[in-house]
Each structure stands twice: as C-alpha cells, then as structure tokens.
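# Understanding the architecture of this molecule
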Amino acid sequence: MTYTTRFAPSPTGYLHPGHAFSALTAFKAARSHDGAFILRIEDIDHTRCRPEYEQAIYDDLRWMGLDWPEPVLRQSEHMADYQVALERLKSMGLVYPCFKTRKELMLEALSAPQDTPVLPPGDAPLDREPAWRLALTEARDYLGSRWEGLGFEEQGRGPNGEHGWQVADPSINGDVVLARKDVGIAYHLAVVVDDARQGITHIHRGHDLFEATHTQVLLQALLGLPTPQYHHHALLLDDTGQRLAKRKGSKSLRDLRDEGINLADIKALMANYAKA
Ligand code: GLU
C-alpha cells in the first residue's frame, strides 16, 4: 500500500507556523517513503469557513514549496457521502437524537475544536431538528469482544508522551456529536470517511487531536473502515510557552511573509523546534 499522508486544514482563518509545521512534516514523510501527500479542505462548517482563507491555504502551501494531487477534495462538496455514513449508523441504532442548545453543544465540542459552533446572541434552543450523537453503550454492545481490541499505533507522541499501541478509550470524549443541526455533519464523521476514501495510511497532526483519535478509531470499526497509523506531534509554542495557534494576535504565515521572512527562516525555525 502506498504510504499516503494528508494535511487537512479548515479554512476558518489564516495558516500559522504550527500548520506549516504539520503540513511540512506530512509532506516530508510522504517524500521519504516515496508516498503521496494529499491536501484536503475541511470546510463543512459554512458558518466559519471563508473562500479567502481557502485561497490563502493554497498560496501559503505553494510558497512553502509543497505540491499535491488535484483536484483537492473539499468536504463541502461531499456532504451526501457523510450523510450515507450517518444513515448507516442510524440504521444500526448507534446514534441518537439530541435536542440540546447550541451553547450546551459548544461546551461539549472540546474534543473536536474545529466543530465549535458560532453562537447566536443568547442561547437560543436548537429548533426541532436534532443533532445526532454517537451512542457509546450501544456501540460497545455492537462490537462485543472487538471493543477490547480497539486501538491505534502511535508512532509520534501524544500530549503525555504516549507512544506505541494505544488502547482506545472512546469514553474520554463521551457520546460525541456526529451531525450538527446547523452544518449537517460534524468533524469526527467526515474525517474518518475521508481518511478511508483517500487511502490515508499515516496521519501526521498536532497532539491537540490525539484524544479525538480514540473516537475516530471506534467510528472506523463501526463503519468497517481501516485505521491508519498516527503520528501526533507537539504544538509550536512561543517563548512564553503559549500555543502559537491560540495566542491572540499571534502572527500568521501570511503576516510573517509580508514582514519578509523567507522559507529558509521558516524551515530553520521548524528544524530547531523538531530538535527540541
Ligand atoms: N480540520 C482539522 C483542523 O483544521 C484537522 C483534522 C485532522 O487533522 O484530523 O484542525
């Protein structure tokens, strides 16, 4: 099987050096294994994604010297496929409707930060359309003894240094939302469908998504999809130890380019970081 990696940004803002690090890591891993590097645009959330951010992703990655096969998969063009997966889980009795408010759902979205809905003023209840949640108890019954064997090979490091075989514990994320009322589908479901359909064998991403992996391997098992190998990496921090992506006013790749930083500077920053 061809070693296949992907970089799967959500166009909800400009890329920052942390994204560049992830993209470059995946790209280099693919190159060194004579494999493929795929770019996927995770734009299911029409409330937060913007065309100018998507264009900036292409521009920034090209500036970094990366290339990828075209056409790029844009999740917004494949909503029907995620719906098929959701219907399948519904027919298996493994999801249940949830009528919580957006605010309540937002507080629970921490395992999938890219799924944080934009709140309307106040805390308006969702209307009659429900969100759909994964039913962990039923999923466990469905898998029977296979539940105990759920896990993934961590070839990088989790936030606490996790490495090697990880027994999955989907309960850390609870009954996650798989279909949001406002945007139809939620991150966990779309990402497993696409990782499988694009033949992704190795996932390189920040360790902020390490915990999400516990839920994603369960979904893979339920939907009969393969589990790739995972390489989570540490997040780029500034000199005060704050995460670059989260710090208010932290500079995007675009800002740094405008200030005249060149690719060699970016690569040097990352090489230093990778050694640390
Ligand atoms: N779209 C996600 C993000 O931008 C990344 C998904 C993933 O790598 O699994 O944070």
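Quick look at the structure, then. Remember, predicted model here, so these are calculated numbers, not experimental data.

## Side note on the site of the ligand
Inspection of the region around the ligand gives 10 residues, with Arg6, Ala8, Glu42, Tyr187 and Arg205 positioned closest. For the ligand, a nitrogen atom lies 2.7 Å from a polar atom in the backbone of alanine 8. Between the ligand and the protein, one listed contact pairs a nitrogen atom with a side-chain N or O atom of glutamate 42 at 2.6 Å. Contact with the protein chains hides 85% of the accessible area of the ligand, taken as 300 Å² for the molecule alone.

## So, the sheet that holds strand β3 (residues 73–74)
One open sheet accounts for three strands, arranged β1-β2-β3; its pairing is parallel. The open sheet has two free edges, formed respectively by β1 (4–7) and β3, since each of these has just one partner strand. Both strand β2 (residues 36–41) and β3 contribute to a ladder of two bridges, which runs parallel. Bridge pairing in β3 places isoleucine 41 opposite arginine 74. Packed onto the sheet, helix α1 (residues 17–32) meets β1 and β2 and runs at close to 165° relative to β1.

## What to know about the packing of helix α6 (residues 187–197) against helix α7 (residues 210–223)
Interhelical geometry of α6 versus α7 gives an angle of 60° and a closest axis separation of 10 Å. Accordingly, the angle class assigned to the pair α6 and α7 is oblique. Taken as a pair, α6 and α7 cross one another with a handedness that is right-handed. Mapping the contact onto sequence places Tyr187, His188, Leu189, Val191 and Val192 in α6 and Ala212, Thr215, Gln216, Leu219, Gln220 and Leu223 in α7. Of the residues in the contact of α6 with α7, the class split is seven nonpolar, four polar and no charged.

About the cut-offs
- Residues numbered from 1 in each chain as written.
- Predicted model: local features only at pLDDT ≥ 70, side-chain atom pairs only at ≥ 80, totals over all residues.
- Heavy atoms only, no water.
- Near = heavy atom within 4 Å.
- Polar contact = N/O pair within 3.5 Å; in protein donor to acceptor, adjacent residues only side chain to side chain.
- Areas by Shrake-Rupley, 256 points an atom, 1.4 Å probe, with all protein chains shown as cover.
- Pairing = 2+ DSSP bridges.
- Helix = DSSP H or I, 4+ residues; strand = E, 2+ residues; numbered from the N terminus.
- Contact = heavy atoms within 4.5 Å.
- Axes fitted to C-alpha atoms, helices over the stretch in contact; angles between N-to-C directions.
- Parallel < 35°, antiparallel > 145°, perpendicular 65-115°, else oblique.
- Left-handed = near helix turned anticlockwise from the far one by under 90°.
- Nonpolar A, V, L, I, M, F, W, Y, C, P; charged D, E, K, R; others polar.

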